[in-house]
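# Topology and contacts: notes
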Amino acid sequence: MALGDYEHVWEPATEADAPTLLLLHGTGADEHDLLPLGRALAPGAALLSPRGTVDENGMNRWFRRLREGVFDVEDLVERTGELAAWTGEAVRAYGLDPERIVVSGFSNGANTGAALLLLHPGLLAGAALFAAGAPLQGREPAAVDLSATSVFLGSGVADPITTIDQARLLGRQLRERGARLSEHEHPGGHQLAPDVLAEARSWFSASGF
Ligand code: MLT
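Residues numbered from 1 in each chain as written. Predicted model: local features only at pLDDT ≥ 70, side-chain atom pairs only at ≥ 80, totals over all residues. Heavy atoms only, no water.

### A few points about the site of the ligand
As a structural note, the neighbourhood of the ligand is formed by Thr27, Arg61, Phe63, Arg65, Gly69, Phe71, Ser107, Asn108, Asn111 and Ile161. At a separation of 2.5 Å, an oxygen atom of the ligand approaches a polar side-chain atom of Thr27. A distance of 2.8 Å separates an oxygen atom of the ligand from a polar side-chain atom of Asn111. The protein chains hide 95% of the 260 Å² of surface that the ligand would expose on its own. (Near = heavy atom within 4 Å. Polar contact = N/O pair within 3.5 Å; in protein donor to acceptor, adjacent residues only side chain to side chain. Areas by Shrake-Rupley, 256 points an atom, 1.4 Å probe, with all protein chains shown as cover.)

Spelled out as structure tokens, the structure:
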């Protein structure tokens, strides 16, 4: 895995001793989409924002799906492994503190962030995931230890794409594996609700990454 294997944006930290935010965009977006989110969530942090390598009818994604809401779980596992390896490569190339990488993602990127937590525990210090569901769909994730990991989940109770049941299932999977979990539900749909973003920002600054 080489740094150039993913198109990406890298913005160095603007504050000394700041963590790095790994930003994972939603379906059809690209590596520029979540930069404003990253700056709002973690002012001063370094931003590492790759572009998903799956092309679904011209839309960038992180893994294949059979149709909306039905994932190709084999592909998800394989590509999440590639992304984990690439993140390690970026840590070396940019001289990052490997203990202070936090992922944030929306929708398909949030599902991928959840898969990174469950399949590659130890890679990330935390996660702020918006519209994330249980990524392994019907498979119970391995009994990994996430007790050193802080996770914020922002979910819409009226989300028709990531249903609230899927979001709550992810919450249960993370909690059962010891993650320090902060769950926030808003009345809306598949979106990054401003109130939830404000709560995520408070969570980030209180988490001490
Ligand atoms: C996914 O495919 O990860 C979810 O259905 C959300 C999306 O449409 O990106």
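### Overview of the UniProt feature "domain: Phospholipase/carboxylesterase/thioesterase" (unreviewed entry) in the protein
In the numbering used here, UniProt assigns the "domain: Phospholipase/carboxylesterase/thioesterase" (unreviewed entry) feature to residues 13–203. Note that residues 13–203 is 34% helix and 24% strand, and that its end C-alpha atoms are spaced 19 Å apart. (UniProt positions renumbered as here; feature names shortened; annotations may be inferred. Helix = DSSP H or I, 4+ residues; strand = E, 2+ residues; numbered from the N terminus.)

### Digging into the packing of aromatic side chains
Counted under the stated rule, the structure contains nine aromatic pairs. When the centroid spacing of 4.9 Å and the interplanar angle of 70 degrees are considered together, the rings of Phe63 and Phe71 count as edge-to-face. Neither Phe63 nor Phe71 differs from the other in exposure class; each is buried. An aromatic cluster is built from Phe130, Phe152, Trp203, Phe204 and Phe209, whose rings are joined through pairwise contacts. Across the ring face of Phe63, the terminal group of Arg61 is positioned such that the distance to the ring centre comes to 5.1 Å. (Phe/Tyr/Trp six-rings, centres within 6.5 Å; stacked < 30°, edge-to-face > 60°. Buried < 20%, exposed > 50% of the residue type's maximum accessible area, 1.4 Å probe, protein only. Lys NZ or Arg CZ within 6 Å of the ring centre and 35° of its normal.)

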